[in-house]
Amino acid sequence: GAWYFRKHGGSLEQAREERLRRLGVETTTTESADPEGEEDPDAIVSNDEIFQQAMEFKERGNEAFGNKRFSRALAFYKLANELLHNNNNNNGNGRDVVNPQQQTRDETVKILSNLAECHLRLGQPMEAGRVATEALVLDETHVKSLIRRAKATLQMMRAAAATTTPSSSTGSFPIDPLRFSMWIEQDLQT
C-alpha cells in the first residue's frame, strides 16, 4: 500500500502505479514536448483529464461489481476516488492541478456510495458506514448513501447482538453501533 512506499522512500504515485499494475491496468504517461524527454515541471494537468481517468476507473469498478468481484471493484473505486479527492493541489507527479469543480462532487458521492456497498458485500460494515457518511457529508440527501449507512449500522447491530451473552448486556462489540454514524460524522467535520 501507500504506507509501504512512503516508509521505504517512495511516493504516492509509485503506490498508485503498483496498484494499477496489480489490477492489470496499463498506465500511460504524458509525453513531454522536450526532445530530451524531460518532463516540464510547470505542466498543468487539467481537471477534465483527471476526471475522465476517474470515470474510467469507476466504469471498471462497475463492471467488476456486476461480475460479483467486489474486492476488485473496491480497488477500482478507491483509485477513482483518489483521483478526484486528491486533486486539490497536485496529482502526485508534482504538477499543478486545477481545483476540482462542482461536477466532480456528484461523481465523488456516487463513487463513495459504491465503495460503501462493496464494503458491505465484503462484510466490512464499519468501513461501509464510514465511507457512506463521507458521501453524506458531501450530499446529505443522497438516498443510496443513506440506505448504505443504515445497512452498515444494522449489520453492526446484528454483530453486537450475536456477541451478547446472558452475563453481558453490552456484548463484546467494541463500539455502540447506534452512535457509530454520529462519531464518524463529527470526525469528518473536524
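Residues numbered from 1 in each chain as written. Predicted model: local features only at pLDDT ≥ 70, side-chain atom pairs only at ≥ 80, totals over all residues. Heavy atoms only, no water.

**Comments concerning the packing of aromatic side chains**
Stated formally: Here is the rule: rings of Phe, Tyr and Trp (six-membered ring for Trp) pair when centre to centre is within 6.5 Å. Planes less than 30 degrees apart are stacked, more than 60 are edge-to-face, and the remainder are tilted. In this description a helix means any DSSP run of H or I spanning at least four residues, a strand means any run of E spanning at least two, and both kinds are numbered starting from the N terminus. Burial status follows relative accessibility: with a 1.4 Å probe on protein chains alone, a residue under 20% of its type maximum counts as buried, one over 50% as exposed, and anything between as partly exposed.
One pass over the structure, following the stated rule, counts two aromatic pairs. Summarising the aromatic geometry, the rings of F57 and F76 are spaced 6.3 Å apart at their centres and angled 25° between planes, so their arrangement reads as stacked. Here the residue F57 occupies a position in helix α3 (residues 47–66), and F76 occupies one in helix α4 (residues 70–85), the gap between them amounting to 19 residues. For F76, a relative accessible area of 2% translates into the label buried. Ring geometry for F65 and F70: centres 5.1 Å apart, planes at 65°, overall edge-to-face.

**Thoughts on helix α6 (residues 125–138)**
What counts is decided by this rule: Each residue after the first adds 1.5 Å to the expected span of a helix.
The end-to-end C-alpha separation of α6 is 20 Å, in line with the 20 Å expected for 14 residues at 1.5 Å each. Residues P125, A128, G129, V131, A132, T133, E134, A135 and L136 constitute the buried set of α6.

**Side note on the side chain of N81**
What counts here: Should any heavy atoms of two residues lie within 4.5 Å, those residues are counted as being in contact.
With respect to the helices and strands, the residue N81 is situated in helix α4. With sequence-adjacent residues up to four places away left out, N81 is seen in contact with N86, T108, I111, L112 and L115.

**Focus on helix α7 (residues 143–163)**
For the record, the criterion: The arc in question is the one spanned by the directions pointing from the helix axis to the C-beta atoms.
Between its first and last C-alpha, α7 extends 30 Å over 21 residues, near the 30 Å set by a 1.5 Å rise per residue. By the burial criterion, the buried members of α7 are S145, R148, R149, A152, T153, M156 and A160. Projected down its long axis, α7 shows its buried positions confined to an angular sector of 140°, all on one face. In α7, the exposed residues that point more than 90 degrees away from the buried face are V143, K144, R158, A161 and A162.

**Things to note about the packing of α6 against α7**
The condition that has to hold: Axes here mean lines fitted to C-alpha atoms, for a helix over just the part in contact, with angles spanning 0 to 180 degrees between N-to-C directions. Roughly parallel refers to an angle under 35 degrees, roughly antiparallel to one over 145, roughly perpendicular to one between 65 and 115, and oblique to any angle outside these ranges. Left-handed describes a crossing in which the near helix is turned anticlockwise from the far one by less than a right angle; the clockwise case is right-handed. Under the convention adopted here, Pro, Cys and the residues Ala, Val, Leu, Ile, Met, Phe, Trp and Tyr are nonpolar, Asp, Glu, Lys and Arg are charged, and Gly plus all remaining residues are polar.
α7 packs onto α6 with a crossing angle of 155° between their chain directions and a minimal axis gap of 8 Å. Taken together, the axis directions place α6 and α7 in an arrangement best described as roughly antiparallel. Classified by chirality, the crossing of α7 by α6 is left-handed. Along its contact with α6, which presents P125, M126, A128, G129, A132, T133, A135 and L136, the element α7 presents S145, L146, R148, R149, A152, Q155 and M156. Of the residues contributing to the contact of α6 with α7, the split by class is nine nonpolar, four polar and two charged.

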